[in-house]
Amino acid sequence: MSELDPKQAQDIAQRVREQMPQTRADLEALTTIPSVSLGSFDQQYVEASAERVAEMLRAEGLDVEIVREGGRPAVIGRAPAPDGAPTVTLYAHHDVQPPGKDDDWDSPPFEPTERDGRIYARGIADDKAGVMAHIAAIRAFGGDLPVGLNVFVEGEEEIGSASLPTILQKHADKLDADAIVIADSGNIAVGTPSLTTTLRGMVQATVTVRTLDHALHSGIFGGPVPDASTALIRLLATLHGPDGEVAVDGLQREQAADVPLPEDRFAAEAGLLDGVDLIGTGPLAERLWTGPALTIIGTDLPHPDAVSNTLQPAATAVISLRVAPSQDPQEAYDALARHLTEHAPWGAQVEVTMPEAGPGFSASTDSAAYTQARQALADAWQTEPVDIGIGGSIPFVASFAERFPNAAILITGVEDPDTRAHSPNESLHLAEFEKACQAEAIFLARLAAACSR
């Protein structure tokens, strides 16, 4: 195994730096396209975004096609590997979340605006900076790529990647690689490069509680007759213990990466109000990344502005359950459903369904690709990277791992705790973005050197 000369790494970083004005201009132009993939938005912009990505890849000499397998347009660009060199697949997505209310933004959501070293816009970090990190890395080699490349830019990640399994099946030969770089994550802090090595799985469950066959006047029947809304609230309260620990038997908790996470810093990043405590027990990293988390994300309880003074016959809640990376989502759902059924108050009828689920992910980190990725991150940031987890779920990562079991899967990204992806005032830290572009370009060269034969 050979190594990349340090001077070569410095030269690559310098080329990326020199090209950053163009990279930034292209990123901002791409971000002005409001490519919200949700069906209630105008899909011509998703088409335009795909076309723009394809145009940029073609300009770098890749063989490019736009594919549709029943969903939004995805872009696949390819360049053959030099003799004896490995092939790398670079993943990102060009669709974005809805912007929400304009009044919640300090500047228009699709007009990239710089403030204090950050650019603010919807999709600027999640994930159009991921798209441009790939393109910046390609540009660093001026058409003389050290590895074979497959660039896969999806168009419906933000709405669940429904057509991804079909794309992976029909176009597997165009995406197979020795390593897959998924640029859809981030760093634990500004200045600390990170590789995401674990992802929690997810289960979304709907629970309905019924106590009556029709609504009743609360004055005439209230007291002895159980109200479904109250029964639902009591049932949901059993999901956590007094300290906030999840109280559902059968949910797993795993050891997390050994990364110090100061609770005071985390509380500030989360926007915790004065006097409000963090919940749960054990190391903060485990509570965030490798243990279960339960959140009530919706109910059909009457809105305060539209109440009637009645006992409700039925009440429904939607529960988001984050699952330890290696736990089977079906097993976790069964545990949750069993708990809800067994803890029904006052004999109430309980119905539980699972409309959505996705597996977690734990990376194998002992490959040559991981070794070279860590060194490339250190080259760009001039500090050692850390392995982290993500408490959220990226279900498509498991799809890649299943389809390409021999590929090393590297989850990288450009986000940081202040990015606010999916929220108003989403932003990208410009200096960190440059380092991410440098690291990816250096990684391609390092992997080629390490795997040359």
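As a reminder, the structure under discussion sits directly above these lines.
Let me begin by describing the structure that accompanies this report. (Residues numbered from 1 in each chain as written. Predicted model: local features only at pLDDT ≥ 70, side-chain atom pairs only at ≥ 80, totals over all residues. Heavy atoms only, no water.)

## Concerning the packing of helix α2 (residues 20-31) against helix α4 (residues 128-139)
For any two helices packed against each other, the geometry comes down to the angle between their axes and how far apart the axes lie. Packing of α2 against α4 leaves a shortest axis separation of 10 Å and a crossing angle of 145°. Between α2 and α4 lies a crossing of right-handed hand. From α2, Gln22, Thr23, Asp26, Leu27, Leu30 and Thr31 reach across to α4, where they touch Lys128, Ala129, Val131, Met132, Ala136 and Arg139. Its residues assigned to classes, the contact of α2 with α4 comprises six nonpolar, three polar and three charged. (Axes fitted to C-alpha atoms, helices over the stretch in contact; angles between N-to-C directions. Helix = DSSP H or I, 4+ residues; strand = E, 2+ residues; numbered from the N terminus. Left-handed = near helix turned anticlockwise from the far one by under 90°. Contact = heavy atoms within 4.5 Å. Nonpolar A, V, L, I, M, F, W, Y, C, P; charged D, E, K, R; others polar.)

## Observations concerning the side chain of Thr316
If you trace the backbone, Thr316 turns up in strand β13 (residues 314-323). Separated by 2.8 Å, the side chains of Thr316 and Thr208 make a polar contact. Those residues in contact with Thr316, other than ones at most four positions away along the chain, are Thr206, Val207, Thr208, Leu232, Gly298, Thr299 and Asp300. (Polar contact = N/O pair within 3.5 Å; in protein donor to acceptor, adjacent residues only side chain to side chain.)

## Brief notes about the packing of aromatic side chains
Applying the stated criterion across every chain, the model contains six aromatic pairs. Residues Phe152 and Phe400 carry aromatic rings whose centres are separated by 6.2 Å and whose planes lie at 55° to one another, so their mutual orientation is tilted. Placement of the pair is Phe152 in strand β6 (residues 148-154) and Phe400 in helix α13 (residues 395-403), with a sequence separation of 248 residues. For Phe152, a relative accessible area of 0% puts it in the buried group. Geometrically, the ring pair formed by Phe396 and Phe400 is edge-to-face, given 6.0 Å between the ring centres and 70° between the ring planes. Residue Phe396 and its partner Phe400 are both found in helix α13; the two are separated by four residues, about one turn of the helix. Look at Phe400 and you get buried, because its relative accessible area is 0%. Through a chain of ring-to-ring contacts, three or more aromatic side chains come together here, namely Tyr91, Phe152, Phe396, Phe400 and Phe404. (Phe/Tyr/Trp six-rings, centres within 6.5 Å; stacked < 30°, edge-to-face > 60°. Buried < 20%, exposed > 50% of the residue type's maximum accessible area, 1.4 Å probe, protein only.)

## Remarks on the pairing of strand β9 (residues 201-210)
A large share of β9 lies buried, amounting to eight of its 10 residues. When β9 meets β13, the two strands line up antiparallel, connected through 10 bridges. Each residue of the ladder has a partner; that of Val203, found in β13, is Leu321. Relative to strand β14 (residues 349-358), β9 runs antiparallel, the two sharing eight bridges. (Pairing = 2+ DSSP bridges.)

## Section: the environment of Ile182
By the element assignment, Ile182 lies in strand β7 (residues 179-186). In the structure, Ile182 is positioned 233 residues away from Glu415 in sequence and 13 Å away in space, judged by C-alpha atoms. Setting aside anything within four residues of it in sequence, one finds Ile182 in contact with Tyr91, Phe396, Val397, Phe400, Ile409, Leu410, Ile411 and Thr412.

## A short note on the pattern of salt bridges
Scanning all chains against the criterion turns up 21 salt bridges. Asp379 is the salt-bridge partner of Arg446, the closest N and O atoms lying 2.8 Å from each other. Here Arg446 is found in helix α14 (residues 430-451), whereas its partner Asp379 is found in helix α12 (residues 368-381), with 67 residues between them in sequence. In terms of burial, Arg446 and Asp379 fall into one category: buried. What emerges from the salt-bridge pattern is a single network uniting Asp26, Arg52, Glu55, Glu60 and Arg139. (Salt bridge = Lys/Arg side-chain N within 4 Å of Asp/Glu carboxyl O.)

## Topic: the sheet that holds strand β5 (residues 118-120)
Spatially, the three strands line up as an open sheet ordered β4-β5-β18, and their pairing is antiparallel. In this open sheet, the two edge strands, each paired with only one partner strand, are β4 (113-115) and β18 (427-429). This sheet shows a mean twist of 25° between the axes of neighbouring strands, independent of strand direction. Both β5 and β18 contribute to a ladder of three bridges, which runs antiparallel. When the sheet's bridge partners are listed, Tyr120 is paired in β18 with Ser427. With respect to the sheet, α14 is in contact with β4, β5 and β18, its orientation differing from that of β18 by roughly 65°.

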